[in-house]
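Here is what each chain is made of, one letter per residue.
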Amino acid sequence: MKRSELLIAAFCFVVCLLIPLVVRADYQLQVLFRVFLFAAMGLAWNLVGGYTGQLSLGHAAYFGAGAYAMALLPRLGVSIWFALLLGIVVAVAFAALIGGVSFRLRGPYFALATIAFAEVLRLVAKNLPNVTGGDVGIQVPPLFTHAINRSFYLSAVVLAATAFGITVWVSHSKFGYYLMAIREDEDTALSVGVNTARTKLQALFVSAGITALGGALYGSLFLFIVPDQVLSLDISNEIAIVAMLGGAGTVLGPILGAVVLETASEVFKNVFHEAHLLIYGILLVVVVMFLPEGIVGSVNSWLHRRRAAFAAAARTQARRTSTP
Amino acid sequence: MCGLDAFFSALQAVLNGLLTGALYALIGMGMALIFGVMRIVNFAHGTFLMLGMYATYFIFVKTWLNPYFGFVLAGVLLFCLGYAVYRGLLRHMPVQSDFMQILLTLGLALILTDAVQLTFGADYHQINIPLVAKNVHLGSHISLNAPWLVSFALAVVLGGAMYFFVMHTMIGRAARAIAQNRYASPLVGINVHRVQAVSFGLGVAGAGIAGGLLLPVFYIYPTVGDQFTLKAFVIVVLGGMGSIQGAAVAGLVLGVVENLTSLYWGNEWALAVDFVIFLLVLSLRPSGIFGSQRV
């Protein structure tokens, strides 16, 4: 990353931190919380789904792991902040299990296996009422007691900034190039000495950890969770759509995707009260049919083509002037 | 006597399982044609089933046509929808990959589900036909619900027809040829897109027909199909990729396993067992029970 880009990123971060000085309404802060929360989780998903090219549709497993750790561990006497961190450990343990099995599968089978794992977790959470409260749900202790919406908003911004920082590092590091090599051709990556199994798992661990923090924040803001909400396919889909819409495998994509998707979803919720998933479907179809690289990816390739065209024009010009 | 009772309740569960399983087989065979043979990843299969249910329901409410006849119309409608989805969307995706197919069909599933919800509301509906209350008794211990017996018979016939279509008709052969080699099949004169569109339509019609047959014994609501999407994938993988008869057997197996799970562990674990079977098959025997191809 160039110094100028770093400065812009730092400036944006500070602006985001200052937003609560202007926006004070609870509803608006909650919408913004959702935007940054899903930006963070979209960035996390992007490490696996975008850079590594492994379409996980079961990230609800990690989201739910974080949320349920946040709800259950304080009952055992663990302090809530420690529970937040232990949620990461639980999610990484799940990731080790899920990744260990699913990463041996390719293409659609990987996606199906991740869904199956998330669904098994949802059903287990539903069917063990003594532990998880079952369908009725369970209370989650609040992380913050003062200026609740502002504090949660700021935590989401910090989480998104962390995820952004990790993504920037990944996109320029050797680790990131390993991931992209796996995406382009896993067998070739293996043949040139990339330990693909380990690399994929490492990416999933980071992704699961961030997603778990997202789940814990979400549960703690709403104070109550049920399996059909935090472990649902809808959460998995929403996380994936955020990244795909903005542009999988780009640094800025998931952030832009979260802004567009969450804004559109709020508007839709106010217009059609029941059918707010319609917008997800429409955006998915639009992405696949018209923007397969996502918004950021499409803009990037358009800029690339334009630059190439200018360069070609300049070359022709130069050749013309040099020949007598 | 206690042991005999246990035996009869197990036998009852197995028979019920076979009756449910026949419809699973029909759903699974549709998916086997779409996913197993043509390798199109269809995340909207359950949504098409739901549309089949709503179509049959609507026909029943408007014309009082019995669902056991109405399902034919639903099948025709769903065939047209599937054909149109392939022609209009799947064929024209700028990037052809399974990744994109998943996202497209997932998006389509969300759109169709919410469109139904906006049109008909999220309420539960049910139809009342006299057949539902009838039971057939076999001896003093076993009784089978009449609508399930009817749907079993119809599913066997339709499943047989689908098997015949895939294995013995020109279009079925062409679909399998495309699965074997996408690039060589046009060279021998196969119109790839037409064959794929027809096969996709038939697979979707299979789901829609199964929906119509399920209508008398199910409540309907817009998200009723969701559980069947994953179930259809489970059936195809269990039966072995590309194997139509494998999917049929896997559907029956799944029906029996679910019913036995319900009997011994409770209804709420039946779905979880599906997924556990799925994960075990994927990780231990990826070619499925009857398949020869690796997934």
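Scroll up to find the structure.
As the structure is a prediction and not an experimental result, all values here were calculated from the model.

Basis of the calculations
- Residues numbered from 1 in each chain as written.
- Chains lettered and ligands numbered in written order.
- Predicted model: local features only at pLDDT ≥ 70, side-chain atom pairs only at ≥ 80, totals over all residues.
- Heavy atoms only, no water.
- Helix = DSSP H or I, 4+ residues; strand = E, 2+ residues; numbered from the N terminus.
- Rg over C-alpha atoms; globule rule 2.2 N^0.38 Å.
- Contact = heavy atoms within 4.5 Å.
- Expected span 1.5 Å × (residues − 1).
- Bend = angle between axes of the 7 residues up to and from the residue.
- Buried < 20%, exposed > 50% of the residue type's maximum accessible area, 1.4 Å probe, protein only.
- Arc of directions from axis to C-beta.
- Polar contact = N/O pair within 3.5 Å; in protein donor to acceptor, adjacent residues only side chain to side chain.
- Buried area = accessible area lost by both parts, 1.4 Å probe.
- Salt bridge = Lys/Arg side-chain N within 4 Å of Asp/Glu carboxyl O.
- Pairing = 2+ DSSP bridges.
- Axes fitted to C-alpha atoms, helices over the stretch in contact; angles between N-to-C directions.
- Parallel < 35°, antiparallel > 145°, perpendicular 65-115°, else oblique.
- Left-handed = near helix turned anticlockwise from the far one by under 90°.
- Nonpolar A, V, L, I, M, F, W, Y, C, P; charged D, E, K, R; others polar.
- Phe/Tyr/Trp six-rings, centres within 6.5 Å; stacked < 30°, edge-to-face > 60°.

Would you take a moment to explain the overall build of chain B for this structure?
A tally of regular secondary structure across chain B gives 10 helices and 2 strands. Ordering the α and β elements of chain B from the N terminus gives α-α-α-α-β-β-α-α-α-α-α-α. Expected size for 295 residues packed as a compact globule is a radius of gyration near 19 Å; at 19 Å, chain B falls within 12% of this value. For chain B, the spread of C-alpha atoms along the principal axes amounts to about 65 × 45 × 30 Å.

Sorry if this is basic, but what is going on with the environment of A:Leu261 here?
Residues and elements named next belong to chain A. Relative to the assigned elements, Leu261 resides in helix H13 (residues 253-271). C-alpha separation for the pair Leu261 and Val35, spaced 226 residues apart in sequence, amounts to 8.4 Å. Ignoring any residue separated from it by four or fewer positions in sequence, one finds Leu261 in contact with Glu238, Ile241, Val242, Leu245, Tyr280 and Leu283.

Please explain helix H2 (residues 26-51) of chain A as it appears in this structure.
Since the α-helix packs 3.6 residues into each turn, any two residues three or four apart lie on the same face. Residues and elements named next belong to chain A. Counted at 1.5 Å a residue, the expected span for H2 with its 26 residues is 38 Å, and the 36 Å between its end C-alpha atoms agrees. Helix geometry: H2 is bent most strongly at Trp45, by close to 40°. Most of H2 sits inside the fold, with 21 of its 26 residues counted as buried.

What is the right way to look at helix H8 (residues 174-184) of chain A in this model?
Residues and elements named next belong to chain A. Looking only at H8, the buried set comprises Phe175, Gly176, Leu179, Met180 and Ile182. Around the axis of H8, the buried residues are gathered within 155° of arc, so they sit on the same side. Set apart from the buried face of H8 by more than 90 degrees, the exposed residues are Lys174 and Glu184. Looking at the buried side of H8, the elements it contacts are H2, helix H7 (148-172), helix H9 (186-191) and helix H10 (196-222). Between the side-chain oxygen at the start of H8 and the backbone nitrogen of Phe175 there is a gap of 3.4 Å, and the oxygen is on Ser173.

Teacher, can you tell me more about the side chain of A:Ser155 here?
All names here are of chain A. By secondary structure assignment, the location of Ser155 is in helix H7. One polar contact links the side chain of Ser155 to the main-chain carbonyl oxygen of Ser151, over a distance of 2.6 Å. With near-sequence residues (within four places) excluded, Ser155 lies in contact with Phe144 and Leu217.

For this particular structure, what's the right way to read the side chain of B:Thr261?
Considering the arrangement of structural elements, one finds B:Thr261 in helix H9 (residues 244-265). Beyond its immediate chain neighbours, meaning those up to four positions away, B:Thr261 contacts B:Gly266, B:Trp269, B:Ala270 and B:Val273.

So what exactly am I meant to see when it comes to the interface of chain A and chain B here?
The figure often quoted for interface size is the accessible area lost as the parts come together. Taken together, the contacts link 40 residues of chain A with 40 residues of chain B. Roughly 3600 Å² is buried in total at the junction of chain A and chain B, and carbon and sulfur atoms are behind 83% of that figure. Considering only the surface of chain A that becomes buried against chain B, A:Tyr109, A:Leu112 and A:Met289 emerge as the three largest contributors, covering 18% of it. On inspection of chain A and its partner chain B, the count reaches 0 salt bridges. The tally of links between chain A and chain B comes to 3 residue pairs in polar contact (both at pLDDT 80 or more). Broken down by secondary-structure element, the contributors of at least two residues to the side of chain A that touches chain B are H2, helix H5 (108-127), helix H12 (233-246) and helix H14 (278-290) of chain A. A per-element tally of the side of chain A that touches chain B places H5(A) first, with 13 residues.

When you look at the pairing of strand S1 (residues 135-138) of chain B in this model, what are you seeing that I'm missing?
Consecutive side chains along a regular strand alternate between the two faces of the sheet. All names here are of chain B. Sheet analysis places S1 next to strand S2 (residues 142-145), joined by 4 bridges and oriented antiparallel. Residue pairing across strands places His137 opposite Ser143, the latter belonging to S2. The loop that links S1 with its antiparallel partner S2 comprises 3 residues; one of these, Gly139, has a positive phi angle of about 70°.

What am I meant to see in the packing of H2(A) against H13(A) here?
Relative orientation and spacing of two packed helices are given, respectively, by the angle between their axes and the distance between those axes. Residue and element names in this part refer to chain A. Two elements in contact, H2 and H13, have axes separated by 8 Å at closest approach and are oriented at 140°. As summarised for this structure, H2 and H13 are arranged oblique, according to the angle between their axes. H2 and H13 meet at a crossing whose hand is right-handed. Each of Tyr27, Val31, Arg34, Val35, Phe38, Ala39, Gly42, Leu43 and Asn46 in H2 lies in contact with H13, whose residues at this interface are Pro254, Ile255, Ala258, Val259, Glu262, Glu266 and Asn270. A per-class count over the contact of H2 with H13 returns 10 nonpolar, 3 polar and 3 charged.

Help me understand the packing of aromatic side chains in this model?
The way to describe two aromatic rings as a pair is by their centre distance and the angle between their planes. This model, assessed by the stated rule, comprises 21 aromatic pairs over all chains. A centroid spacing of 5.8 Å and a plane angle of 50° characterise the contact between A:Tyr109 and B:Phe35, whose relative ring orientation is tilted. Here the residue A:Tyr109 occupies a position in helix H5, and B:Phe35 occupies one in helix H1 (residues 2-37), the pair thus bridging two chains. Here B:Phe35 falls in the buried class, since its relative accessible area comes to 2%. Among the aromatic residues, ring-to-ring pairing joins A:Phe33, A:Trp81, A:Phe144 and A:Phe152 into one connected group.

Is there a simple way to explain unusual backbone geometry in this structure?
The phi angle of most residues is negative, glycine excepted, and most peptide bonds adopt the trans form. Residues and elements named next belong to chain A. Here the phi dihedral of Ala147 falls at roughly 40°; this positive angle occurs in a residue that is not glycine. Its place among the elements puts Ala147 in the loop between strand S1 (138-139) and H7. What makes Ala147 partly exposed here is its relative accessible area of 42%. The phi dihedral of Leu223 is positive, around 65°, even though this residue is not glycine. On the secondary structure map, Leu223 appears in the loop between H10 and strand S2 (224-225). On the basis of relative accessibility, which here comes to 39%, the residue Leu223 falls in the partly exposed class.

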